[in-house]
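# Tertiary structure, described
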Amino acid sequence: MSLQQHLDNTTTPKRILALDGGGIRGALSLGYLQRIEDILRAQNGGSADFRLCDYFDLIGGTSTGSIIASCLAIGMKVDDIRKMYFDLGGKIFAKKYKWWKVFQLDELIHAGYDEHPLEEELQKVFGDITLGSDKIKTGLCIVAKRADTNSVWPLINHPNGKYYNSADGKNKDILLWKAVRASAAAPSYFIPQTIDVGGGLPVAAFVDGGVSMANNPALQLLLVATLHGFPFHWKPGADNLLVVSVGTGMSKLDKLPQDITKNNLLNWAQQIPDMFMQDASWHNQIILQWIAKSPTAWQIDSEIGDLKEDLLVTDTNNKGLLSYLRYNMWLTKDELDKLMDKQYTQQQVDDLVEMSNAASRFELYDIGYKAAKENVAEDHFDKRFTIDQSNKAGNGIKHFKTGAVPDLPFAHATKKPISIRCFKMNEAFEVETIEGTLRGKPGDYLMVGVNDELYPCEKEIFEKTYSFNS
């Protein structure tokens, strides 16, 4: 399927994949994505060449999610991304500035980690690919936060976007690695990323998209896909739009009130980012479960429950504005002990929660994959969202596959009673035709058409279609 076909708003259904931010915990997301890729490959033809960019029409992410989203959008397999991510994580969180090294004090005042390893690794992966490159195979949305204007910027590759290629902006020329770096510029971790956004605008300074309400970008991507101000204009409806949202794991605060009151400035500085991220994520979760029936609905809290009885907007089928799947998990001792069948110490749990602890990336992937095996079901992905095989060619030519009858307004017709010749073969045979060499097996018929063309006909089909002349 071509990029144009993915973006086309005259066809339905459309499928969106949204990936949360969360530092090195993106490895957990990759565990879920491997399971999702396996399921969707099996449901959509089973080809080893299948990629998630074949299925999803828009893939977007925030921070670490933008790294994974961009890799998927350029056609990488999840397993290849996993290998890259393990290598990347070990490098970008390895070089931390030291307060006792006097020559690094200036850098430490601005950020905790050296940004150069991150930039070098992103350039290796994405090279000179820009947002306007045809190497991006499906819709892509990188969520960043413009710090100098305090505004969320969804950087998209849609040619009709207001800031894509106009007097207002030249986002098509932004290097993909720089866009990703902008989305992953977490304050206190890495310095902001500056980008020339074109269109006569000043150079913009970006920080991590997680410093917004879109660290879980699912709602933001829904807005991008459907609001008039954006160029997609996709039709809402549970049969028309699927949003799949994948998290990076969540911590659970279980301190006693008296412990909270003893927090010092450093304690608060360490806890506040995760608190804000979870608040924003749950806010998005509430809204999405409010407008969509979901087989993966989360229990929001003990007061409002899972909102299954609170569908805000209904269509004629009482299904809501979209189909919605959310995959995430609690990173708590009880959950991990049960899932992984071993005993964790609280320190080990805290190490998994820490977003810059690169040593956890291998186990986080294993945790995500095992959780996905339990929680991501094949029937979550309804058949109505299976890739339309008639558009598979991606070259403007309709493509059909035997056994998959397309949903077209077929008329009924009866073959004219034209007599043709046939001979039942008692051995395997093959026939050269304009479609290539066709093979028949013992018991099949060799047919001679009205223009003396030869072709094989299976015994079962012959008996259903033909009768011998008397």
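Quick notes on the rules
Residues numbered from 1 in each chain as written. Predicted model: local features only at pLDDT ≥ 70, side-chain atom pairs only at ≥ 80, totals over all residues. Heavy atoms only, no water. Helix = DSSP H or I, 4+ residues; strand = E, 2+ residues; numbered from the N terminus. Buried < 20%, exposed > 50% of the residue type's maximum accessible area, 1.4 Å probe, protein only. Contact = heavy atoms within 4.5 Å. Areas by Shrake-Rupley, 256 points an atom, 1.4 Å probe, with all protein chains shown as cover. Polar contact = N/O pair within 3.5 Å; in protein donor to acceptor, adjacent residues only side chain to side chain. Salt bridge = Lys/Arg side-chain N within 4 Å of Asp/Glu carboxyl O. Expected span 1.5 Å × (residues − 1). Pairing = 2+ DSSP bridges. pLDDT = per-residue confidence, 0-100. Core = buried A, V, L, I, M, F, W, Y, C linked by side-chain atoms within 4.5 Å. Axes fitted to C-alpha atoms, helices over the stretch in contact; angles between N-to-C directions.

Helix and strand content of the chain: 15 helices and 13 strands. A burial count over the chain gives 49% of its 470 residues as buried. A sequence separation of at least 24 residues applies to 66% of the contacts in the chain between residues at least 6 apart. As displayed, the chain has an accessible area near 24,200 Å², and 53% of this comes from carbon and sulfur atoms.

Here we take up the side chain of Glu-121. Structurally, Glu-121 is set in helix α7 (residues 116–126). There is a polar contact of 3.4 Å between the side chain of Glu-121 and the side chain of Lys-91. Those residues within four positions of Glu-121 in sequence are excluded, and the remaining contacts are Asp-87, Leu-88 and Lys-91.

Bringing the environment of Asn-451 into the picture now. The residue Asn-451 is located in the loop between β12 (445–448) and β13 (454–457) in this model. With 31 residues separating them in the primary sequence, Asn-451 and Ile-420 have C-alpha atoms 9.8 Å apart.

Close approach of charged atoms allows side chains of opposite charge to pair. The tally for this structure, following the rule as stated, stands at 20 salt bridges. The partner of Asp-79 in a salt bridge is Lys-83, with the nearest N and O atoms 3.4 Å apart. Of this pair, Asp-79 and Lys-83 both sit in helix α5 (residues 78–92), 4 residues apart, which is roughly one turn of the helix. With relative accessibility at 25%, the residue Asp-79 sits in the partly exposed group. According to the relative accessible area criterion, Lys-83 is partly exposed, its value standing at 47%. Two residues, Arg-181 and Glu-119, come together in a salt bridge whose shortest N-O distance is 3.1 Å.

Owing to its 3.6 residues per turn, the α-helix aligns residues three or four sequence positions apart on the same side. With 15 residues, α5 should reach 21 Å at 1.5 Å per residue; the first-to-last C-alpha distance of 20 Å fits that figure. Within the sequence span of α5, burial applies to Val-78, Ile-81, Arg-82, Met-84, Tyr-85, Phe-86, Leu-88, Gly-89 and Ile-92. Where the residues of α5 are buried, they touch α2 (26–43), α3 (52–55), α4 (64–73), α7 and α14 (361–375).

Our next topic: the environment of Ile-92. Structurally, Ile-92 is set in helix α5. For Ile-92, a relative accessible area of 7% puts it in the buried group. A C-alpha to C-alpha distance of 8.1 Å links Ile-92 and His-116, two positions 24 residues apart in sequence.

Two faces, one strand: in a regular strand the side chains alternate between the faces of the sheet. Sheet topology places strand β3 (residues 139–146) next to strand β4 (residues 151–156); 6 bridges connect them, and they run antiparallel. Looking across to β4, one finds that Val-143 is bridged to Pro-154. Linking β3 to β4, which pair antiparallel, is a turn of 4 residues; within it Asn-150 sits at a positive phi near 55 degrees.

What follows covers the confidence of the model for the chain. Residues at a pLDDT of 70 or more form 82% of the chain, whose mean pLDDT is 85. Across residues 97–111 the pLDDT falls below 50, and counting only partners more than four positions away or on other chains, this stretch makes 18 contacts in the model.

The next subject is the nonpolar core. Counting residues in hydrophobic clusters, the biggest one holds 76 residues, and the most contacted among them are Leu-33, Ile-36, Leu-72, Leu-176, Val-244 and Phe-381. The greatest single-element share of this core, amounting to 8 residues, is contributed by α2. Leu-72 has contacts with Leu-17, Leu-19, Leu-33, Leu-52, Cys-53, Ile-59, Val-78 and Ile-81, leaving out every residue within four places of it along the chain.

The strand order across the open sheet formed by 3 strands is β9-β12-β13, and the pairing between neighbours is antiparallel. The open sheet has two edge strands, β9 (421–424) and β13, and neither has a second partner. The mean inter-strand angle of the sheet, taken between neighbouring strand axes irrespective of direction, is 25 degrees. The sheet contact formed by β9 and β12 spans 4 bridges and is antiparallel. In the sheet register, Cys-422 faces β12, and the bridge partner there is Met-447.

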